Amino acid sequence: IAYNQVSKSEKQMVEGSLFFEELCTTFKPLHFGGNEASLRLMAARGIKPCELDINGDLKSHQYTLEIIFYGHNWFHLLNLFQFRLSIYIGMFTIVGILSVSLATLVYSLHRNFTKLLHTPIFHGWELARIAMAPSILGCSYAALPYVFCLCILKIVFGNTLLPLWEIHGKWIEPTVVNLSLKKQWKNGRMALALLTFGTHICVTCARLIIPSENDVCAKFEKNDDYGSKKESTVWCPVNWKRAHLLWLSFCLEVFVLWIWEFSYSEIFERHVHAFIILFKISKMILDILLTGFMKEHLLSAPMLALIEATIFLVMLGSQDLINFILTFILEISLIVLERLYLDPALRYGVKLWPRWKFIFFKNKLLKQKRCTRTQRKKDEEKWCKMNEKIQSSIDGVEPILESYKVNAIETASNFLSVIICCFLIMFSKETQIPHNYGIRDNKMILYYTFFVSYFLLWFFFFDVFILNTQEVLHGWHVYDYISYQKYRFLNRDSHWTLHSTIKNESIMKEMQSLDSMFFSSQYFFLIFLFALGMLTNVFAITIFLRTQYNFFADPCLMGIIFLTLLICDMNRILMEKLATIPIACLDWRGVWTHRAAHADIDDDILNKLLIGKGRQGDLEKERNELQALNSESFRFKFLERNRPWILRNLSSLLRKQALSSEGPEGQPLEEFIRDKHFELVNMGKGARRHSDRLDISSDDEDEIEKK
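Rules behind the numbers
Residues numbered from 1 in each chain as written. Predicted model: local features only at pLDDT ≥ 70, side-chain atom pairs only at ≥ 80, totals over all residues. Heavy atoms only, no water. Patch = residues over 30% accessible without salt bridge, like charges linked within 9 Å, V, L, I, M, F, W, Y side chains within 5 Å. Areas by Shrake-Rupley, 256 points an atom, 1.4 Å probe, with all protein chains shown as cover. Salt bridge = Lys/Arg side-chain N within 4 Å of Asp/Glu carboxyl O. Helix = DSSP H or I, 4+ residues; strand = E, 2+ residues; numbered from the N terminus. Axes fitted to C-alpha atoms, helices over the stretch in contact; angles between N-to-C directions. Parallel < 35°, antiparallel > 145°, perpendicular 65-115°, else oblique. Left-handed = near helix turned anticlockwise from the far one by under 90°. Nonpolar A, V, L, I, M, F, W, Y, C, P; charged D, E, K, R; others polar. Pairing = 2+ DSSP bridges. 1 Å grid on protein atoms, 1.4 Å probe; cavity = no way out; pocket = protein on both sides within 12 Å on 5 of 7 lines; lining within 4 Å. Points joined across faces, edges and corners; volume = space filled by probe spheres on them. Buried < 20%, exposed > 50% of the residue type's maximum accessible area, 1.4 Å probe, protein only. Contact = heavy atoms within 4.5 Å. Disulfide = S-S within 2.5 Å. Polar contact = N/O pair within 3.5 Å; in protein donor to acceptor, adjacent residues only side chain to side chain.

On the surface, Phe148, Leu574, Leu578, Ile581, Ile583, Leu586 and Trp588 cluster together into a nonpolar patch covering about 630 Å² of accessible area. Checked against the element boundaries, Phe148 lands in helix 4 (residues 125-157).

Here it is, written out as structure tokens:
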């Protein structure tokens, strides 16, 4: 018996073990009529028959009981959670301080050795406030209805007193129905309800993340040059895209389930640190593959959040609490390496891959045959376009988008870790995951839950230093970008951001949907809820494996599915009603209410002037910018500098239907565009520019008349 010496006169029992020595079997020997097979089995285990008297009875029924007391050391007691909560709060605080100190050290080194001419200032609380608010709101909006519906399912399907549980779990009724079999049916039906619940969430999120308003569904729209619209029941690209997303999510669930099952093994427990590093590298590679496969960064975000949450779950496979904390510190160090060095370098290499591939194949073809002048010209044009595209993706806002996407996914995965711990507390017996990880009671899971919840605050401080380090290391204007995204979200033109028809066409097409969500609370709500749906499916399949339950053989299959969908729809309707209830005393108009359509920068400046909260320098700068936008000289300079881009993209910006409308001063719009196109083409030909030398005359000046 192991004990904890609480005080000088008090011992607290921690754990106990029972051992048997000098065993003997009560089976009689063969010459007393014993069973030969049973005796042979006992002999194989090293157990001999007990001593008998001349009548074949046991000589003695006595035994010796020996009790050994020993005290555990401090670290062993810490791993067994035998101390007060304040001890663990202090320990978790030390882990948080170490994590923030690591990020602070990295920021200090890069700031002192930066090569930037103008070092960006450190954005502390303002950056934390802008980054924290959307993640907390979005994940909370998704977690509340999920937990509420999960509790209802636990009450409804976890109650053995319902008449539903009196029905046999198989169409072929077994001859003997015991309590163990009924418990197996109950857990299996609970898993079926969870699987239905998770699938319902995934389908709902697929509709939200791929809205039908921006795509053509059930209709085939030809080009205006070829004909008009024709109805078709085959052409449904939105449904194809949604089905593709759901299929990939199901494949990822199978892969995550395999990782979970592997993490129960002794091999993983002995080499947990090596496997965590391997999973982290695999996640970065999988990010590139999923994005390239689905052609959208937004669609891969929930799947990557699920993988990040899986990395936390498998960390529970550590041997004890100390090993878990060391693994967690390793995870924090890997996050620093990933976000500052590995992930940007990997994405930079992927962007340069077309150039390397072109050079390789070009050199290979040149060795085989010579190119003609026409082929060489085409290769040069292709080379120039390729380099221009690569340079625009490197110098543009795309690297900031990719980097902040990784940050948002890690933030969402931290909230997912809290839900995972709560799920393990509610369904510990059904999933048997705590038992497989050597977690003996729910008290240990409660401490893990507290650790993850408590570390959320420290992770935001850690994140602030990492984002500032990215500004110093890579020269990215992360704070300006996040502030601008917040402004765009507050002044959006639609309630749900993905329903907006306005896209930022200056960035890559694969990132336009991600950029249109502005990394707002709606973005975190969507990826968090989608990841929760996939996570619920994996938990349900885990219960299927533990209970060996075949839901196709259950007569209650359709009833459970129907009842679960009914609960989900009622929960959705209730939450939608609660989200739209205004509270006048709190100035609450509902979830995600946006400003009026006429709100713009001028209104913001006016509000600052009326309230008096704006700084005079900023207001003066904004007034000068507005005045410049309204001046003819500014407009002329803008057209002159951007004339090549406007001429190159003018045809793609105009539609045939728009050209038939009326333009300024009653002139047909087509003629107006033609005149402006002529002016753009001939703009500046022979005219003097502001930077030209005064001793050289222009083409429209007569040098003789001037003299």
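On to unusual backbone geometry. The backbone phi angle of Phe81 is positive, close to 55°, even though this residue is not glycine. Locating Phe81 in the fold gives a position in the loop between helix 2 (74-79) and helix 3 (85-112). Residue Phe518 is not a glycine yet carries a positive backbone phi of 60°. Take Phe518: it is sitting in the loop between helix 17 (512-515) and helix 18 (521-547).

When two helices pack together, their arrangement is captured by the angle between the axes and the distance separating the axes. Packing of helix 5 (residues 179-209) against helix 18 leaves a shortest axis separation of 8 Å and a crossing angle of 155°. The orientation of helix 5 relative to helix 18 falls into the category roughly antiparallel. For the pair helix 5 and helix 18, the crossing hand works out as left-handed. Of the residues in the contact of helix 5 with helix 18, the class split is 19 nonpolar, nine polar and no charged.

Within a sheet, each strand pairs with its neighbour through backbone hydrogen bonds, oriented either parallel or antiparallel. Spatially, 2-1-5 is the arrangement adopted by the three strands of the open sheet, whose pairing is mixed. Only two strands of the sheet have a single partner each, and these edge strands are strand 2 (10-15) and strand 5 (70-71).

Time to look at empty space enclosed by the protein. Applying the stated criterion across every chain, the model contains two cavities of 30 Å³ or more. Taken as a whole, the largest cavity encloses approximately 200 Å³ of empty space. Lining the largest cavity are 17 residues, with Phe312, Phe328, Glu331, Asn414 and Ser417 sitting closest to its centre. If you list the elements that add at least two residues to the lining of the largest cavity, you get helix 9 (297-315), helix 10 (321-368), helix 12 (398-426) and helix 15 (442-474). Residue contributions to the lining of the largest cavity peak at five residues, all from helix 9. Residue composition of the lining of the largest cavity, grouped by class: 11 nonpolar, three polar and three charged. If you add up the space inside the second largest cavity, you get close to 90 Å³. Forming the walls of the second largest cavity are 14 residues, and the residues nearest its centre are Ala131, Asn407, Thr411, Phe460 and Asp463. Counting only elements with at least two residues in the lining of the second largest cavity, the list comes to helix 4, helix 12 and helix 15.

Moving on, we come to the side chain of Asp287. In this fold, Asp287 is placed in helix 8 (residues 272-294). A relative accessible area of 2% places Asp287 in the buried class. Those residues in contact with Asp287 that sit more than four places away from it in its chain are Ser300, Leu304, Arg347 and Lys405.

The next thing to look at is the pairing of strand 1 (residues 2-7). Looking at chain direction, strand 1 and strand 2 are connected through five bridges and run antiparallel. Across the sheet, residue Asn4 finds its bridge partner in strand 2, namely Gln12. Between strand 1 and strand 2, which pair antiparallel and follow one another directly, the connecting turn spans two residues. As paired strands, strand 1 and strand 5 are joined by two bridges and run parallel to one another. The residue bridging Ala2 from the neighbouring strand is Tyr70, located in strand 5.

Within the structure shown, the criterion is met by one disulfide. Sulfur-sulfur distance for the disulfide between Cys24 and Cys50 comes to 1.9 Å. Across the S-S bond linking Cys24 and Cys50, the dihedral sits near 85°, which makes this disulfide right-handed. Of this pair, Cys24 sits in strand 3 (residues 24-25) while Cys50 sits in the loop between strand 4 (48-49) and strand 5; the two residues are 26 residues apart in sequence, bridging distant segments of the chain. Accessibility expressed as a relative area gives 39% for Cys24, which makes it partly exposed. Cys422 takes part in no disulfide bond, and the closest cysteine sulfur, belonging to Cys421, lies 6.9 Å away. Here Cys422 falls in the partly exposed class, since its relative accessible area comes to 34%.

To continue, consider the environment of Met570. Of note, Met570 is situated in helix 19 (residues 557-579). Residues Met570 and Cys149, spaced 421 residues apart in sequence, show a C-alpha to C-alpha distance of 9.4 Å.

Inspection of the secondary structure assignment puts Gln82 in the loop between helix 2 and helix 3. The spacing of Gln82 and Met13 is 69 residues in sequence and 9.9 Å in space, taken between C-alpha atoms. If near-sequence neighbours (up to four positions away) are discounted, Gln82 is found in contact with Asn4, Gln12, Val14, Leu77 and Tyr88. Separated by 3.1 Å, the side chain of Gln82 and the backbone oxygen of Leu80 make a polar contact.

Contact pair helix 8 / helix 9: the axes reach a minimum separation of 9 Å and the direction vectors enclose 165°. Considering their axes alone, helix 8 and helix 9 lie roughly antiparallel with respect to each other. As helix 8 packs across helix 9, the resulting crossing turns out to be right-handed. Each of Ile276, Phe279, Lys280, Lys283, Leu286, Asp287, Leu290, Thr291 and Met294 in helix 8 lies in contact with helix 9, whose residues at this interface are His297, Leu299, Ser300, Met303, Leu304, Ile307, Glu308, Ile311, Val314 and Met315. The class makeup of the residues in the contact of helix 8 with helix 9 is 12 nonpolar, three polar and four charged.

Just geometry here; none of it tells us what the structure is for.
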